[in-house]
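# Architecture and fold: a report
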Amino acid sequence: MLGLGSKTLLVVDPGRHTLKVGVGTIGARGKSARLQAVHTAPTGATLQMTPDQVIERQGEVLKDLIKKHSIKARHVSFSIPGRASFVRQLKIPRVSGDRLQRLIQYEARQQIPFPLEDIILDSHVFDSDGPELGVTLVAVRRTIIDQYCASLKVSGLVPDVLDVTTLSLFDAYYPQLKSENEEVIAIADIGASTTDIIVCKSGRVEFIRTAPQAGDQLTKVLSDQMGLSMDEAEQLKINSGELDSTIDRRTDPLAYGEGDPAGRARVFLSKAFDAIANEIRRTLDFYVSQPDGEPIGKLLLTGGTARLRGIDSFIQNRLGIACEVGSPMNGTLVNVDSLARNPNPDLEEILSTTSAVLLGQCQRSISDVPLRMNFLPPPIVHLKDFQKRRPLLALEAVGIAVLIGFSVVTMGQTIKAYQQATNKLQANIDGEGDTAKEIRDLITSTRKIEERVDYLREIGLTRGVISQTMSEVAEKLPLGRTWVDSVDVDTTDIKLNMRGDGEDAINPFKEQMKEVSRLREMSVPEVERLGSEGVKFLMSAKVEKNPSIELSRLREKLDASKIVALDVTLEDHSDEPGTKQKAAIKVVVIEPFEVTERNDLTLKILRSIDEAQLGFEQKSVSIVFQNNKRKETGRYDLEQEEIQALIQGKMEVKDLTLKAPEVTEEATEGTGMEGMGMDASGMGAGMGMGMGMDGGMGMGGPAPMGDGD
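All figures in this text were calculated on a predicted structure; none of them were measured in a lab.

## Topic: the sheet that holds strand β17 (residues 535-543)
Across the sheet, which stays open at both edges, the four strands sit in the order β14-β15-β17-β16 with antiparallel pairing between neighbours. Where the open sheet ends on each side, the last strands, each with one partner, are β14 (482-489) and β16 (519-529). Taking each pair of neighbouring strands and ignoring which way they run, the sheet shows an average axis angle of 20°. Pairing of β14 with strand β15 (residues 493-500), which is carried by seven bridges, proceeds in the antiparallel orientation. Within the sheet, the bridge partner assigned to Ser486 lies in β15 and is Asn497. Helix-sheet contacts for helix α14 (residues 506-513) involve β14, β15, β16 and β17, and the interaxial angle to β16 is about 165°.

What follows is the structure in structure tokens.
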């Protein structure tokens, strides 16, 4: 029975050999979780099946399992196999805010070897005590996500979370990992078709890879060597499977005789398992060989194949690393008391070796586990956002209906009263009496006061501009390669006469000056080459005044909407100042990865401008997209009619024409990452990449470590 404020929790781990479903509850406000039942079913997938056939088969098994156990929940947390993901560990400078997001986006473009419109990305930043931040960047191909979503739809399920098994595995063991101080811990999840390997330190992910060797290879060896069917070989492996570290490739299995099938199986399994042990060793050696790599202190084993007897001592003998079969139940924050009363005789083994992914999905719902990534496709995300807002929209609709009814009743009376008051006032103004003269004098005095207020307002907009601008320029000025000859600055323009040790010092200087918040329309129109003495150049720019109330309100609204704007300007184009007839607004943002994301961002910006309630009768909006080098890639110039049509849903952003940027001499200059003081080759250690047989992306070390199914 659900408690007050609780909701049903349904988690799924779609293993190739066995599909696992966990059912439980999440407490009020997500402060607790209970895993009440774990249901498993064999998928019946064979080695000859294609990845598409396996996903289709898993969907059918999931549908039957839900029907068999009368599971009512329809919203599910689902983990995509790690072999279908692409993972990169990055090291980036310690920055924050929009600069951090821009760096991550830049690295994603450099590191992901697939068209960005074909994948869904997510990332997590791990803090550290050093000068750099660690970033875990994960990508999943959109086609694979669509396949799993279609499989869930067949089962009548709607995904709330699409995770990756390697990330769920980390979340499951996180309570244990963060208590290990500075020791480096590795986790090897040895399943049926792949082995997921994660290296962690102080509760942070250091390295992730999915290797193609796993339990199915062991089953096939038994089948081929002992003349058994795959099902018979699987049962022999489960019932009598054992590893012996004293057995090597020279051991003769016939020494055990035909009457000892368990002994022969032990020889075949031990020899075949060397391939898996070698993959684990090569992966860990690759991590240790990296500049930031450290020796592995302990290896935790989990997964269905970890149920083989003697596996911990076998791997410890082969790798020379302390090894143990781990249990995600140790220190878990998920309440599993209900499972202890389950009559399933295999429950203990299920919990200790194969439930890590399920527990990781449960644990991310309640604790401070860091990897809370979600790879839901944009259409589902938008649908969920709309469903959350639907009750509020219904209330707004009722309020609007009431307001319209009230307005219809009172509008006639209001117009009539206004006309009467206007006529009376005009008669008094046009009259010849003392009262009329006093009114005309009052109007004249009011206009003079308004002129003085406008003058004072202009003073307020320029107050402190020069000192603040110079202070920020001095702070951002790069040292060592450029120096200032002279400065000419007022409340509208600034000119810096500069010297540099070479032409290649100009671009880094310009990049730093772009960080000065008040500078606009920056250019370097003159460069004088001085031979061995370097160069002399002039940088000119416009200086922004103190922002108006309307501009401040707009920037606050964009920040509240989590829109990272590189620049926001608002110019009053009214015929008379203060009448708020028309405003020209410009918002500069980083170009998103995908066209759909750009369309969503455009609509989000327009809605934020509308919700800011700036008070202007007409607005024109320019939305400018730039790349990570602050070069324009395109823009939308929109008038009032288009803006309203887009906000009201009468028009879609995809119907607009994205204007190409004008090609200028500055646009062709090679600022690059070197100009920003970074290595052009990018940040973070590179790794070999392999393609999985399912069309997914694998994480590899040396080139031979390409992933497969």
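## With respect to helix α15 (residues 549-560)
If you check α15, its first and last C-alpha atoms are 16 Å apart, about what twelve residues at 1.5 Å a residue would give, namely 16 Å. Inspection of α15 places Glu550, Leu551, Leu554 and Leu558 among the buried residues, and these make up the whole buried set. Buried positions in α15, seen along its axis, are confined to an arc of 95° and lie on one side of it. Across from the buried face of α15, at angles greater than 90 degrees, the exposed residues are Ile549, Glu556, Asp559 and Ala560. Looking one or two residues past α15, Lys562 carries a phi angle of roughly 60°, positive in sign.

## With respect to the confidence of the model for the protein
On average, residues of the protein score 80 in pLDDT, and 84% of them reach the 70 mark or higher. Residue range residues 665-709 is modelled with pLDDT below 50. Its contacts to residues more than four positions away, or to other chains, number 122 contacts.

## Quick word on the pattern of salt bridges
The final tally for this structure, using the stated rule, is 24 salt bridges. Here Arg204 makes a salt bridge to Glu206, at a shortest N to O gap of 3.8 Å. Residue class for Glu206 comes out buried when judged on its relative accessible area of 14%. The partner of Lys220 in a salt bridge is Asp224, and the shortest N-O contact between them spans 3.0 Å. On the criterion of helical spacing, the pair formed by Lys220 and Asp224 is a turn pair, its members being four residues apart in helix α5 (residues 215-226).

## Side note on the environment of Leu638
Along the chain, Leu638 turns up in strand β21 (residues 632-638). For the pair Leu638 and Ile623, spaced 15 residues apart in sequence, the C-alpha separation works out to 8.3 Å.

## Here's the deal with the nonpolar core
What tends to happen in soluble globular proteins is that the nonpolar side chains get buried as a cluster. Val21 and Phe375 are the most contacted members of the largest nonpolar core, which totals 51 residues. The greatest single-element share of this core, amounting to seven residues, is contributed by helix α4 (residues 165-177). Other than its neighbours up to four places away in sequence, Phe375 contacts Ile120, Leu121, Asp122, Val138, Val140, Ile145, Leu162, Asp163, Val164 and Leu167. Of all hydrophobic cores here, the second largest spans 35 residues; its members include Ile190, Leu222, Leu243 and Leu284.

## Description of the environment of Arg520
Within the secondary structure, Arg520 is located in strand β16. Separated by 21 residues in sequence, Arg520 and Ala541 place their C-alpha atoms 5.7 Å apart. Sequence-distant contacts of Arg520, defined by excluding residues within four places in its chain, comprise Ala541, Lys542, Glu544, Arg555, Asp567, Val568 and Thr569.

Criteria and cut-off values
- Residues numbered from 1 in each chain as written.
- Predicted model: local features only at pLDDT ≥ 70, side-chain atom pairs only at ≥ 80, totals over all residues.
- Heavy atoms only, no water.
- Pairing = 2+ DSSP bridges.
- Helix = DSSP H or I, 4+ residues; strand = E, 2+ residues; numbered from the N terminus.
- Axes fitted to C-alpha atoms, helices over the stretch in contact; angles between N-to-C directions.
- Contact = heavy atoms within 4.5 Å.
- Expected span 1.5 Å × (residues − 1).
- Buried < 20%, exposed > 50% of the residue type's maximum accessible area, 1.4 Å probe, protein only.
- Arc of directions from axis to C-beta.
- pLDDT = per-residue confidence, 0-100.
- Salt bridge = Lys/Arg side-chain N within 4 Å of Asp/Glu carboxyl O.
- Core = buried A, V, L, I, M, F, W, Y, C linked by side-chain atoms within 4.5 Å.

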